[in-house]
Amino acid sequence: METVISSPSVLEALENESIEIFRETAAAFRKPVMLYSIGKDSSVLLHLARKAFAPGPIPFPLMHIDTTWKFKEMISFRDETAKEHGFELLVQTNHDGIKDGITPFSMGASEYTRIMKTVALRAGLDKHGFDAAIGGSRRDEERSRAKERILSVREPGHRWDPRSQRPELWRTYNPRLAPEQTMRVFPISDWTELDIWNYILQENIKVSPLYFAKERPIVWRGSQMIMVDDDRYPLKDGETPEIRRIRFRTLGCYPLTAGVDSDATTMEKVVKEVTELKLSERATRLIDGDKEDSMEKKKTEGYF
């Protein structure tokens, strides 16, 4: 089987740019943090951060926003990875939201995301006093993300205003912050989904098993296949999950993340499959489908 790969020179250039951004961030900001979502982009970010500061440790902690509705395999992978690489892991959860009974089923996806992700993220950044948050967003994911800069300033309250972003000419970054401003940093902004997978293949980076095809219990919600990951998922009267061979292109809260039919059980097969697909990976993220401006609205409220 022939696998289409990104040019090694392209991957090298992307890696060098990302490492430069990591080092610039560590030098320019008082207290940075890296957001760790456990997905493929976070796995690449972690690998790049380790390369950027080797042989020393990563000089900032990693923070995961845990809604308590992530796939069980995501949490076990997170904890195993932290133990293997020895980085400082902070876990932030909106416990008030849990007390109030906020779940993916008690309200719409947008409001659930705002309460359990955006509010938790803002609280975590404020609690620890971080002035820069490093994340794995890419410009090719979604149209509002394409409006971001690599160093993307946030106004007081973590508000994002795309019109106030600073020009970045010839890779010249402006890390200066006014009082109460913070920065979001996107080291893999110039990467594509295919670049990510080819780099994972090239560097032999470990990723969550959820990215590989396996027989899993699913139910249909409209045209989407949702994996029933635990007994909290409400089934319809008489409904029984069916076993289907699926994998996930993107990871999040399991009731809001659809699987895709797949036979890709190896990294080479995943790369080949991604090469041939025309549909955006975010088409399987139910949180993005409420309305056209949903992602931009979330980002103005502080969503990553």
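Everything numeric in this text was worked out from a predicted model, so none of it was measured.

Rules and cut-offs
- Residues numbered from 1 in each chain as written.
- Predicted model: local features only at pLDDT ≥ 70, side-chain atom pairs only at ≥ 80, totals over all residues.
- Heavy atoms only, no water.
- Pairing = 2+ DSSP bridges.
- Helix = DSSP H or I, 4+ residues; strand = E, 2+ residues; numbered from the N terminus.
- Axes fitted to C-alpha atoms, helices over the stretch in contact; angles between N-to-C directions.
- Parallel < 35°, antiparallel > 145°, perpendicular 65-115°, else oblique.
- Left-handed = near helix turned anticlockwise from the far one by under 90°.
- Contact = heavy atoms within 4.5 Å.
- Nonpolar A, V, L, I, M, F, W, Y, C, P; charged D, E, K, R; others polar.
- Expected span 1.5 Å × (residues − 1).
- Buried < 20%, exposed > 50% of the residue type's maximum accessible area, 1.4 Å probe, protein only.
- Arc of directions from axis to C-beta.
- Phe/Tyr/Trp six-rings, centres within 6.5 Å; stacked < 30°, edge-to-face > 60°.

Caption draft 1: Up close: the sheet that holds strand S6 (residues 182–185). An order of S3-S2-S1-S4-S6-S5 is seen for the six strands of this open sheet, with the pairing classed as mixed. Each end of this open sheet is capped by a strand with a single partner; those strands are strand S3 (89–92) and strand S5 (151–154). On average, each strand axis in the sheet is tilted by 30° relative to the strand beside it, whichever way the strands run. Summarising the sheet, strand S1 (residues 32–35) and strand S4 (residues 132–134) pair through three bridges and their orientation is parallel. Each bridged residue has a counterpart across the sheet, and for Val33 the counterpart in S4 is Ala133.

Caption draft 2: Here's a closer look at the packing of helix H2 (residues 40–53) against helix H6 (residues 193–203). Between H2 and H6, the shortest axis-to-axis distance is 10 Å and the interhelical angle comes to 55°. As judged from the angle between their axes, H2 and H6 are oblique. Where H2 crosses over H6, the two elements pack in a sense that is left-handed. Here Lys40, Asp41, Val44, His47, Leu48 and Lys51 of H2 lie close against H6, whose contacting residues are Glu193, Ile196, Trp197, Tyr199, Ile200 and Glu203. Considered class by class, the residues forming the contact of H2 with H6 number six nonpolar, one polar and five charged.

Caption draft 3: Helix H3 (residues 72–85), seen in detail. For H3, spanning 14 residues, the distance from its first C-alpha to its last is 20 Å, which sits close to the expected 20 Å at 1.5 Å a residue. Every buried residue belonging to H3 is among Met74, Phe77, Arg78, Thr81 and Ala82, and all of these are buried. Take H3 and look down its axis: the buried residues cluster within an arc of 130°, on one side only. Exposed positions of H3 whose direction lies more than 90 degrees from the buried face are Glu80 and Lys83. Residues of H3 that are buried in the fold lie against H2, strand S2 (62–65) and S3.

Caption draft 4: How the structure looks around the packing of H6 against helix H7 (residues 267–276). Two numbers describe how H6 lies on H7: the axes approach to 10 Å, and their chain directions differ by 165°. If you check the angle between H6 and H7, you find them roughly antiparallel. Read as a crossing pair, H6 and H7 show a hand that is left-handed. Packed against H6, whose contacting residues are Glu193, Leu194, Trp197, Asn198, Ile200 and Leu201, the element H7 presents Met267, Glu268, Val270, Val271, Val274 and Thr275 at the interface.

Caption draft 5: Examining the pairing of strand S7 (residues 214–221) more closely. In terms of strand pairing, S7 meets strand S9 (residues 242–247) through five bridges, oriented antiparallel. If you follow Pro217 over to S9, its bridge partner there is Ile243. One ladder, built from four bridges, connects S7 with strand S8 (residues 224–227); its direction is antiparallel. By the bridge assignment, Val219 is partnered in S8 with Ile226. Where S7 hands over to S8, the hairpin turn is made up of two residues, of which Gly222 adopts a positive phi near 65°.

Caption draft 6: The arrangement of the packing of aromatic side chains in detail. Throughout the structure, instances matching the rule amount to eleven aromatic pairs. Both rings, one in Phe105 and one in Tyr233, keep their centres 5.2 Å apart while their planes meet at 85°; by these two values the pair is edge-to-face. Of this pair, Phe105 sits in the loop between helix H4 (95–99) and helix H5 (109–128) while Tyr233 sits in the loop between S8 and S9; the two residues are 128 residues apart in sequence, bridging distant segments of the chain. Residue classification places Tyr233 among the buried positions, given a relative accessible area of 7%. Three or more aromatic residues joined by ring pairs make a cluster, and in this case those are Trp69, Phe71, Phe105, Tyr233, Phe248 and Tyr254.

Caption draft 7: Spatial organisation of unusual backbone geometry. With an omega of 5°, the peptide bond between Ala54 and Pro55 qualifies as cis. Mapped onto the elements of the fold, Pro55 is located in the loop between H2 and S2. Phi is positive for Glu180, which is not a glycine, with a value near 75°. Of note, Glu180 is situated in the loop between S5 and S6.

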